[in-house]
Amino acid sequence: MEMVQIAGIGLLAAILVLVLKEQKPIFAFLLAMFAGIFIFLMMIGRIEAVIGTMQGLAERSGIPSVYLKTILKMIGIAYIAEFAAQIIRDAGAEGVAAKVEFAGKVLILVLAVPIINVIVETVVGLLPAGG
């Protein structure tokens, strides 16, 4: 049912954007942006549930919380960068949207370096000494 509501909001916003675009393009953009934000806010509860489940799994498996927090930050950066880039594309600034996506990828890479380092150290530690 929730998806039906989201689809309805999206379709209604799209129709209104098309109607407003010719006469008041700034209002059309604002409407599209607010519809996107509203849909995002509708999903916050679902995101919180997923995070809670992942935290429970990490605790039961003994995975250090720093790794889960880092992965959740990466996922958050990816979603925020994509969301912002789509809004920027709606405004017609494709070049700026691409830069936002690039920045998101760089930030994810920066967060990944410590995890990659631990993985490499673990693999090297498993290799037989002396080769």
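As the structure is a computational prediction, the values presented were derived from the model and not from experiment.

Trainee: Give a description of the confidence of the model for the chain that names residues and reports values.
Mentor: Averaged over the chain, the pLDDT score is 91; the fraction of residues at 70 or greater is 98%. The least confident element of the chain, judged by mean pLDDT, is helix α2 (residues 25-61) at 90; the most confident is helix α4 (residues 94-126) at 94.

Trainee: Mind laying out α2, listing which residues take part and the relevant values?
Mentor: Residues that lie three or four places apart on an α-helix share one face, since the helix turns once every 3.6 residues. With 37 residues, α2 should reach 54 Å at 1.5 Å per residue; the first-to-last C-alpha distance of 52 Å fits that figure. At I44, α2 shows its largest kink, close to 35°. Of all the positions in α2, only A28, A35, G36, G56 and A58 are classed as buried. On the buried face of α2, the contacting elements are α1 (2-23) and α3 (65-90). With its phi angle positive at about 85°, G62 sits one or two positions after the end of α2.

Trainee: Quick one: what's the story with the pattern of salt bridges, residue by residue and with numbers?
Mentor: As enumerated under the stated definition, the model contains three salt bridges in all. A salt bridge links E2 to R46, with the shortest nitrogen-to-oxygen separation between them at 2.8 Å. Here the residue E2 occupies a position in helix α1, and R46 occupies one in helix α2, the gap between them amounting to 44 residues. With a closest N to O distance of 3.1 Å, E94 and R89 form a salt bridge. Here R89 falls in the partly exposed class, since its relative accessible area comes to 24%.

Trainee: So what's going on with the packing of α3 against α4? Which residues, and what values?
Mentor: Packing of α3 against α4 leaves a shortest axis separation of 8 Å and a crossing angle of 175°. With respect to their mutual orientation, α3 and α4 come out roughly antiparallel. Partitioned by chemical class, the residues of the contact of α3 with α4 number 18 nonpolar, two polar and five charged.

Trainee: Please give an account of the UniProt feature "transmembrane region" (unreviewed entry) in the chain that cites residues and values.
Mentor: The feature "transmembrane region" (unreviewed entry), as given by UniProt, occupies residues 31-54, 66-88 and 108-129 in the numbering adopted here. Helix makes up 86% of residues 108-129 and strand 0%. Its end C-alpha atoms lie 33 Å apart.

Trainee: So, the packing of α1 against α2: which residues are in play, and what are the values?
Mentor: Between α1 and α2, the least distance of the axes is 7 Å, while the angle of their chain directions is 170°. As judged from the angle between their axes, α1 and α2 are roughly antiparallel. When α1 is examined against α2, the residues E2, Q5, I6, I9, G10, A13, L16, V17, L20, K21 and Q23 are found in contact with a partner set consisting of P25, F27, A28, L31, A32, A35, F38, I39, M42, M43 and R46.

Parameters at a glance
Residues numbered from 1 in each chain as written. Predicted model: local features only at pLDDT ≥ 70, side-chain atom pairs only at ≥ 80, totals over all residues. Heavy atoms only, no water. pLDDT = per-residue confidence, 0-100. Helix = DSSP H or I, 4+ residues; strand = E, 2+ residues; numbered from the N terminus. Expected span 1.5 Å × (residues − 1). Bend = angle between axes of the 7 residues up to and from the residue. Buried < 20%, exposed > 50% of the residue type's maximum accessible area, 1.4 Å probe, protein only. Contact = heavy atoms within 4.5 Å. Salt bridge = Lys/Arg side-chain N within 4 Å of Asp/Glu carboxyl O. Axes fitted to C-alpha atoms, helices over the stretch in contact; angles between N-to-C directions. Parallel < 35°, antiparallel > 145°, perpendicular 65-115°, else oblique. Nonpolar A, V, L, I, M, F, W, Y, C, P; charged D, E, K, R; others polar. UniProt positions renumbered as here; feature names shortened; annotations may be inferred.

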